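What follows is each chain in one-letter form.
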Amino acid sequence: MLGTWGVLIVLFLAPSPLPESWRYYIYSPASVGLWMLAMLVSPFVICVAKWEWIKKGKQHDQ
């Protein structure tokens, strides 16, 4: 879950070096709202998708 949040934070900060005129479109209220929604929803989606792996853990072939 922390890895998912880390990736989302990096994606949020990635456009910072772009020209100032582009930042309004990238950091518009709609895109920031979608980013915040992704911060809340995506960790749960990842957990649901990886539930079997979380429940059983890493399997070692012996």
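Summarised in this report is the structure supplied together with it. Predicted model only: the values in this text are computed from it and were never measured.

**Observations concerning the overall build of the chain**
Item 1. Of regular secondary structure, the chain possesses four helices and zero strands.
Item 2. Sequence-ordered secondary structure for the chain, helices as α and strands as β, is α-α-α-α.
Item 3. By the compact-globule yardstick of 11 Å for 62 residues, the chain is too spread out, its C-alpha radius of gyration being 16 Å.
Item 4. With the C-alpha coordinates of the chain rotated into their principal frame, the extents come out at 55 × 20 × 10 Å.
Item 5. Considering the chain as a whole, with its 62 residues, one finds that 11% of them fall into the buried category.

**Here we look at helix H3 (residues 29-49)**
Item 1. If you check H3, its first and last C-alpha atoms are 29 Å apart, about what 21 residues at 1.5 Å a residue would give, namely 30 Å.
Item 2. What H3 keeps buried is the set Met39, Ser42 and Pro43.
Item 3. Looking at the packing, one finds that the buried side of H3 touches helix H1 (2-13).

**Topic: a nonpolar patch on the surface**
Item 1. Together, Leu34, Leu37, Leu40, Val41 and Val45 make up an exposed nonpolar region whose accessible area comes to about 480 Å².
Item 2. Tracing the backbone shows Leu40 in helix H3.
Item 3. According to the relative accessible area criterion, Leu40 is exposed, its value standing at 58%.

**Topic: the packing of H1 against H3**
Geometrically, a packed helix pair is captured by the angle between its two axes and the distance between the axes.
Item 1. Running from amino to carboxyl end, H1 crosses H3 at an angle of 160 degrees, the nearest separation of the two axes being 9 Å. Compared by their axis directions, H1 and H3 come out roughly antiparallel. Handedness of the H1/H3 crossing: right-handed. Between H1, through Thr4, Trp5, Leu8, Ile9 and Phe12, and H3, the contact on the second element is made entirely by Val32, Trp35, Ala38, Met39, Ser42, Pro43 and Ile46.
Item 2. Residue classes in the contact of H1 with H3 are distributed as 10 nonpolar, two polar and no charged.

Parameters at a glance
Residues numbered from 1 in each chain as written. Predicted model: local features only at pLDDT ≥ 70, side-chain atom pairs only at ≥ 80, totals over all residues. Heavy atoms only, no water. Helix = DSSP H or I, 4+ residues; strand = E, 2+ residues; numbered from the N terminus. Rg over C-alpha atoms; globule rule 2.2 N^0.38 Å. Buried < 20%, exposed > 50% of the residue type's maximum accessible area, 1.4 Å probe, protein only. Expected span 1.5 Å × (residues − 1). Contact = heavy atoms within 4.5 Å. Patch = residues over 30% accessible without salt bridge, like charges linked within 9 Å, V, L, I, M, F, W, Y side chains within 5 Å. Areas by Shrake-Rupley, 256 points an atom, 1.4 Å probe, with all protein chains shown as cover. Salt bridge = Lys/Arg side-chain N within 4 Å of Asp/Glu carboxyl O. Axes fitted to C-alpha atoms, helices over the stretch in contact; angles between N-to-C directions. Parallel < 35°, antiparallel > 145°, perpendicular 65-115°, else oblique. Left-handed = near helix turned anticlockwise from the far one by under 90°. Nonpolar A, V, L, I, M, F, W, Y, C, P; charged D, E, K, R; others polar.

Any functional reading would require information that these geometric values do not contain.
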